[in-house]
Structures are given as C-alpha cells and as structure tokens.
Amino acid sequence: MIKFDVPRDNNILKELEDWRKSINFADALLGSESINNDTYEKHEDKSSILSLLTEEYLNETIIPSENKHDIGQVNNINLGHNSLHHQKISANFHMNLQIEGLEFDRISGAFWYPPTGFMGWHSNADHEAYRMYAAWAEEGHKSFFRYRDPNTKKIVTSWDKKGWNFRLFNCSQEDKPWHCVYSDTNRISLGFWYNGILATA
C-alpha cells in the first residue's frame, strides 16, 4: 500500500471538500433515492465488531470460505457516486492525480462510516485494478484502514489522520489484498480505479 500527501491547494482537495460539505449526515441517516442506509445500524458493543476485523477472523473464517465475490460484513451508509460533485471529482483525478504507469479509470464506492461503522475483510480481487481511496476523518486516530501485506502476509493497521487520507494498492487475484475498515468517528471515503502497471523506483 502507498500513502499519498496531496497539497492543500490542490484542486482535487477543493472538489473533495465541496463534496464533503454537501453531505448532510442527518438526512443520510434517513436514506433517499441516491443514498442507501439499509446496511447501517448503531452498535454499542465495539468488541464484537472489532472481533470481525482481526487477523484470526480473516485466517479462520474469511479466507477458508473465499469465493469469487466479496464476503465481508458491512455497517456503513452507501452515499452513491453519480452526482455532479462526483463528475467534477472524477475529472479532477483524471487531470491532476496522474500516477506513473497507471491510467485513471473511474470512481467506485462512496461510503459514510458513522461511529462504530465498519467494512469487514474483503479483497476486491474479482475486479482487478489499482484502487485509490480518499478518506476523510472528522477526528484523527479514531478510524483505520487495515490490510494484509501481500508480500509479508503481516496485518498492518493504518490509522487515519484528521482530514483527508489517500491510499493506493493493487487489487489482483495474485496479490489478494485483504483489507477492512473501522471508524469511531465520522469517516467518509471515495474509491477510484486505476488501470495499468505501477512504475517502481
């Protein structure tokens, strides 16, 4: 996984901030034609959630029952990604976040993780591409992106800083990039697909 720092004056951040400010969390909880809140339920027992995001659960439950499709449990709100904001963000990423060896393809999922929101272990390996995730956290060190390093097979927990966080990784059948998300604060994320072969130093 590669973490990116995008300069504060970059147009990408401006478009992402415009999208973030357009989200009304209270309305999102009610759901709408473009927002699916059917997969979110506030949990009081954090320990039961975190048990689903452990290395043991990945190795003993998820990997043995792996099939073509993602099987991780989810507890978040799908914000949809077909608005005018997303069209502008997509154009901005295409123009302003070029990565050597890769070509921007499209936006994928957009999610809000309220406190105790999570997405269980999954790999996205049935849709091979590089994935860039832009995630905004209301508070720092209260949410994380956890993944299994494809080379060492070790579990790494990458905590979000306050504000925007950018991560890139390869979703392939060979690498099997297992990952999951948990949040104890308001966290929103937007995914992007890139095709090609990442240039290495």
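Residues numbered from 1 in each chain as written. Predicted model: local features only at pLDDT ≥ 70, side-chain atom pairs only at ≥ 80, totals over all residues. Heavy atoms only, no water.

J.: How would you explain the side chain of R167 if you had to name every residue and give the values?
T.: Of note, R167 is situated in strand β9 (residues 163-171). Taking the relative accessible area as the measure of exposure, R167 reaches 2% and is therefore buried. A polar side-chain atom of R167 sits 3.5 Å from the main-chain carbonyl oxygen of W159. Setting aside chain neighbours within four positions, we find R167 in contact with M1, I2, K3, R131, M132, Y133, F145, S158, W159, D160 and R187. (Helix = DSSP H or I, 4+ residues; strand = E, 2+ residues; numbered from the N terminus. Buried < 20%, exposed > 50% of the residue type's maximum accessible area, 1.4 Å probe, protein only. Polar contact = N/O pair within 3.5 Å; in protein donor to acceptor, adjacent residues only side chain to side chain. Contact = heavy atoms within 4.5 Å.)

J.: Kindly report on the environment of S22, identifying the contributing residues and their values.
T.: Considering the arrangement of structural elements, one finds S22 in helix α1 (residues 11-22). S22 sits in the partly exposed class, given a relative accessible area of 40%. As for S22 and K162, which are separated by 140 residues in sequence, their C-alpha atoms are 19 Å apart.

J.: Describe α1, listing the residues and the values that go with them.
T.: The end-to-end C-alpha distance of α1, which contains 12 residues, comes to 17 Å, matching closely the 16 Å that a straight helix rising 1.5 Å per residue would cover. Taken together, the buried positions of α1 are occupied by I12, L13, E15, L16, W19 and R20. Along the axis of α1, the buried positions cluster into a sector of 165°, meaning they face one direction only. In this structure, the buried residues of α1 make contact with α5 (84-96), β4 (102-113), β6 (129-137), β9 and β11 (187-196). (Expected span 1.5 Å × (residues − 1). Arc of directions from axis to C-beta.)

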